[in-house]
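Structural description and commentary
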Amino acid sequence: MKTQMGISISAMCALAYFLGAIGHEFALFIFAAYILFIESEKELRECVIKSIVLVVIFSIAIFLVDTIPDILSKLTQFSSVSYMEYTNNIINAFRTVSTIIYYFEKILLVYLGVQTLNKKYVKLDKIDSLIEKYINN
């Protein structure tokens, strides 16, 4: 099946995932606005919404994990110096976790994009159930 622009639905879905993977959130939101306002194909709409939901979830997760080292570093500025080395190890661990989340997001979005190009739509149960719940209402 094709969109109104004549591009296949799987290519448009893959584009949404790839835009999220390369970090062009603004372009992804503009693309999603086009899909949601112009296109009527349900699979395409769900795919675009799923890419936005994934980008938002991972952005929130990275923000929360990155906030913890900042709070710890501010607290150590007010405490004694003896905790500095221990706190630096904790801060480095949180930064490592943040980096892992970042790369996991990119790998997941690229994987979903490639699978979509091959016309294999990957189900993510929790996210798909949320999308189904709210897109049909």
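Here the structure is shown first, and the text comes after it.
Residues numbered from 1 in each chain as written. Predicted model: local features only at pLDDT ≥ 70, side-chain atom pairs only at ≥ 80, totals over all residues. Heavy atoms only, no water.

**Regarding unusual backbone geometry**
Convention followed: Helix and strand definitions here come from DSSP, where helices need a minimum of 4 consecutive H or I residues and strands a minimum of 2 consecutive E residues; each element is numbered from the N-terminal end.
In the Ramachandran plot, Lys119 falls in the positive-phi region, its phi being about 60 degrees despite a non-glycine side chain. For Lys119, the position within the fold is in the loop between α4 (84–117) and α5 (125–135).

**Considering the nonpolar core**
Using the following cut-off: Nonpolar cores are built from buried Ala, Val, Leu, Ile, Met, Phe, Trp, Tyr and Cys residues. Side-chain atoms within 4.5 Å join them into one set. When a residue's accessible area, from a 1.4 Å probe over protein chains only, is under 20% of the maximum for its type it is buried; when over 50% it is exposed; and in between it is partly exposed. Residue contacts are defined here by distance: any two heavy atoms, one from each residue, within 4.5 Å place the two residues in contact.
In this structure, Phe31, Leu44, Val48 and Leu54 are the most contacted members of the largest nonpolar core, which totals 27 residues. Breaking this core down by element, the ones donating at least two residues are α1 (9–21), α2 (25–38), α3 (42–78), α4 and α5. Here this core gets 9 residues from one element, more than from any other, and that element is α3. If near-sequence neighbours (up to four positions away) are discounted, Phe31 is found in contact with Met12, Leu15, Ala16, Leu19 and Val48.

**Notes on a nonpolar patch on the surface**
Note the threshold: Only residues whose relative accessible area exceeds 30% and that take part in no salt bridge are eligible for patches, with like-charged residues grouped when within 9 Å of each other and nonpolar side chains (Val, Leu, Ile, Met, Phe, Trp, Tyr) grouped when within 5 Å. Accessible areas in this description were obtained via Shrake-Rupley with a 1.4 Å probe; residue shielding takes into account the shown protein chains only. The rule for a salt bridge is simple: a side-chain nitrogen of Lys or Arg has to be within 4 Å of a carboxyl oxygen of Asp or Glu.
Together, Phe29, Val56, Ile60, Phe63 and Leu64 line one region of the surface with nonpolar side chains, adding up to about 480 Å² of accessible area. A total of 4 residues in the nonpolar patch trace back to one element, the largest contributor, which is α3. Tracing the backbone through its elements, the reader meets Phe63 in helix α3. For Phe63, a relative accessible area of 55% puts it in the exposed group.

**A look at the packing of aromatic side chains**
This is how it is decided: Here a Phe, Tyr or Trp ring, Trp counted by its six-membered ring, pairs with any other such ring whose centre lies within 6.5 Å, and the pair is stacked when the planes are under 30 degrees apart, edge-to-face when over 60, and tilted otherwise.
The full count for this structure, using the stated rule, is 2 aromatic pairs. A ring pair is formed by Tyr102 and Tyr103, whose centres lie 5.2 Å apart and whose planes are at 75 degrees; its orientation type is edge-to-face. Overall, the relative accessible area of 49% leaves Tyr103 in the partly exposed class.

**Section: α5**
Since one α-helical turn is 3.6 residues long, residues separated by three or four positions face the same way. Applied cut-off: Working definition: the arc comes from the directions between the helix axis and the C-beta atoms, pointing outward to the latter.
Listed in full, the buried residues belonging to α5 are Ile127, Asp128 and Ile131. Here the buried residues of α5 occupy an arc of 95 degrees about the axis, which is enough to place them on one side. Away from the buried face of α5 by more than 90 degrees, exposed residues Asp125 and Lys126 are located. If you follow the buried residues of α5, they end up packed against α3.

**A word on the packing of α1 against α3**
Inclusion rule: For every element, the axis is a line fit to its C-alpha atoms; helices are fit only across the contacting stretch, and the angle between N-to-C directions ranges from 0 to 180 degrees. Here roughly perpendicular refers to angles of 65 to 115 degrees, roughly parallel to angles under 35, roughly antiparallel to angles over 145, and oblique to all remaining angles. Residue polarity follows a fixed list, in which Ala, Val, Leu, Ile, Met, Phe, Trp, Tyr, Cys and Pro are nonpolar, Asp, Glu, Lys and Arg are charged, and the others, Gly among them, are polar.
For the pair α1 and α3, the least separation of the axes is 9 Å and the interaxial angle reads 10 degrees. Between α1 and α3, the angle falls in the class roughly parallel. Contact with α1, carried on its side by Ile9, Met12, Cys13, Ala16, Tyr17 and Gly20, involves Glu43, Leu44, Cys47, Val48, Lys50, Ser51 and Val55 of α3 and no other residues of that element. Looking at side-chain class alone, the contact of α1 with α3 contains 9 nonpolar, 2 polar and 2 charged residues.

**Re the environment of Ile52**
In this fold, Ile52 is placed in helix α3. Given the relative accessible area of 18%, Ile52 is considered buried. The spatial distance from the C-alpha of Ile52 to the C-alpha of Leu130 is 13 Å, given a sequence separation of 78 residues. The contacts of Ile52, once residues within four sequence positions are left out, are Leu28, Phe29 and Ala32.

**A short note on the side chain of Glu105**
Here Glu105 lies in helix α4. Classification of Glu105 as buried rests on a relative accessible area of 3%. The residues contacting Glu105, other than those within four sequence positions of it, are Val55, Phe58 and Ile62.

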